[in-house]
Amino acid sequence: MIQFKQAAVPFWSGISAWRDVSEEQFGDWLWQERNAITNADELAAVLRGIASDEMISDLRAGLLHAPMAMRLTPYLVALIDWSTPESDPLRRQFLPLRSEMVDPHPLLKFDSLDEHADMKVPGLVHRYRDRALFLATDHCPVYCRFCTRSYSVGVDTEVLVKDRHSPTRDRWRKVFDHVRSDSTINDIVVSGGDCFRLKPAQIKEIGEELISIPHVRRIRFATKGLAIQPMKITSATDWTDALTNVCDLGRKRQVEVCLHTHFNHPNEITGYTVEAARLLFGRGITVRNQAVLLRGVNDDARVLSSLVKQLSDLHIHPYYVYACDLVHGIEDMRLSVRSACLLEKMVRGITAGFNTPAFVVDTPGGGGKRVVHSYDLYDADLGLAVYSAPSVKPGQFFVYPDPLSSLSPARREEWRNAKRADEMVRSVVERARAGS
Ligand code: SF4
């Protein structure tokens, strides 16, 4: 069982701006909210004395080229090891360095999962037959560099104007009406954005409305909050109570209501996490984790295994590990399908099957999630994996490209030629179709 001893010196005391912040203050979610860092100047002020001028300039330049705005809790900033920020797994997830950025893959598209094509009403993605994704808000407590929904989430940046999905009643009403009218929908993911940014009354309203729809059997509230601001679970009692009440109501009506969260590295697990996870477990709330496979963060079997084991001990089911989607500005973080398959092989067997995550590719173009090694064809030389999804989009093929950095210099050069790139994609799809 995970035990976190009380440290003699609080882990945030190395940051001079927060040196005198008491444990009580630091563990108060409102203090974390009030002191969230949302722009480069605030970040530079906090990092003065612990990060070099070169690092701060590199961060400023990275933020100017990023599709995601910045929002960081002091908790997260303090968990970064600022003596080695280049290789720190948390810094890599939330703070881009301009010097790390590489050109995007030629197949990169805005909204790479083609969610707009499956939106029945604004903010309701109905891709799979029996389930739908409700984008309830477009705000998050932090912004991750690699967010799949960078097309919508957070405020506009220098490089991206967002497609808003604000938490308004009018928009929600259309979503509820659609779900009520379509009895094939049995399962709703309430996401965005992040449910941590919904008010307790909004959690209650969404939960009660969805539970009242007879054909809805499962509801999943998605939040990264447990990983990046766990003190909100324990100190924002009205938010946690609202979630608990919805879970209890669901249980009475035979509707499963659970929480999906997002840890990517063991460094994100602290004493605050343990307390929050214990509280949720004590209230009978099922929690599942959806991690993203990221170069320089968790592309190591020992790191992933440790994450899986620690989450399991906290009764957070390690449900998925996603291959990183094609997103603007994060090509340096993606891994090849071959690497993902190898990591899956190493992790499988370390613990019970029900706590072993499925490694999946969310296929570009809208084929949905496929187990990473279930490709119809994989040409590692061209860096292309082809997947079919007979129960989602029958007859279609979907192509996931490896990062160009995993290919030979000659292949990389070929990919820079648009006509040749198109030929390579068409050739693998034809080969997959011929073999199917
Ligand atoms: S918390 Fe989730 S939705 Fe928000 S930026 Fe991160 S990955 Fe995207």
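Here, the structure is the one placed above.
The structure displayed is predicted, hence computed values, not measured ones. Sequence order as written defines the numbering, with residues in each chain counted from 1. Under the rules for a predicted model, residues below a pLDDT of 70 receive no local features and side-chain atom pairs below 80 are neither given nor counted, while totals for whole chains, interfaces and linings still include all residues. Hydrogens and water are ignored here; the side-chain numbers use all heavy atoms of the structure.

S.K.: Would you explain the side chain of Arg127 in this entry?
M.R.: Following the sequence through the fold, Arg127 ends up in strand S2 (residues 124-128). Within the local environment of Arg127, its side chain forms a polar contact with the backbone oxygen of Leu113, the two atoms lying 2.5 Å apart. Every residue pair with non-hydrogen atoms within 4.5 Å of one another is taken to be in contact. Those residues in contact with Arg127 that lie beyond four places of it in its chain are Leu113, Asp114, Glu115, Asp118, Gly366, Gly368, Val392 and Lys393. Here a helix means four or more residues in a row that DSSP labels H or I, a strand means two or more in a row labelled E, and each is numbered from the N terminus. Definition of a polar contact: a pair of N or O atoms within 3.5 Å, with one able to donate and the other able to accept a hydrogen when the atoms are protein atoms, and with sequence-neighbouring residues admitted only if both atoms are side-chain atoms.

S.K.: Looking at this model, I keep getting lost on the sheet that holds strand S5 (residues 218-222). Mind explaining?
M.R.: Pairing between the strands of a sheet comes from backbone hydrogen bonds, and it takes one of two forms, parallel or antiparallel. In this scheme, strands are said to pair when DSSP sees at least two bridges between them. Ordered by their spatial adjacency, 10 strands build an open sheet running S1-S2-S3-S4-S5-S6-S7-S8-S9-S10, and the pairing between neighbours is mixed. The sheet is open, and its two edges are formed by strand S1 (119-121) and strand S10 (368-371), each paired on a single side. Strand-to-strand, the axes of this sheet are offset by a mean angle of 30°, without reference to chain direction. Bridge analysis of strand S7 (residues 287-293) against strand S8 (residues 316-323) gives 7 bridges, and the strand direction is parallel. Note that in S8 the partner of Gln290 across the bridge is Tyr320. The strands touched by helix H11 (residues 237-252) are S5 and strand S6 (256-261); relative to S6, the strand with the most contacts, the crossing angle is about 140°. Axis lines are fitted to C-alpha atoms, over the contacting stretch for helices. Their N-to-C directions set the angle, which ranges from 0 to 180 degrees.

S.K.: Before we go on, may I ask you to explain the nonpolar core in this structure?
M.R.: Soluble globular proteins: nonpolar side chains tend toward being buried together. Among the nonpolar cores identified, the biggest contains 114 residues, and Phe134, Val190, Ile206 and Phe221 are the most heavily contacted of them. For this core, the leading source of residues is H11, giving 6 residues. Domains are outlined according to an automatic or database domain assignment. Split by domain, the residues of this core number at least three in each of domain 1 (16-100) and domain 2 (116-374). With residues up to four places along the chain from it excluded, the contact list for Phe221 reads Val190, Cys195, Ile203, Ile206, Gly207, Leu243, Val246, Val257, Cys258, Leu259 and His260. What we call a nonpolar core is a set of buried Ala, Val, Leu, Ile, Met, Phe, Trp, Tyr and Cys residues that are connected through their side-chain atoms within 4.5 Å. Relative accessibility under 20% of the residue-type maximum defines a buried residue, over 50% an exposed one, and the middle range a partly exposed one, all with a 1.4 Å probe and only protein chains included. In this structure, Leu407, Trp415, Ala421 and Val425 belong to the second largest nonpolar core, which totals 15 residues.

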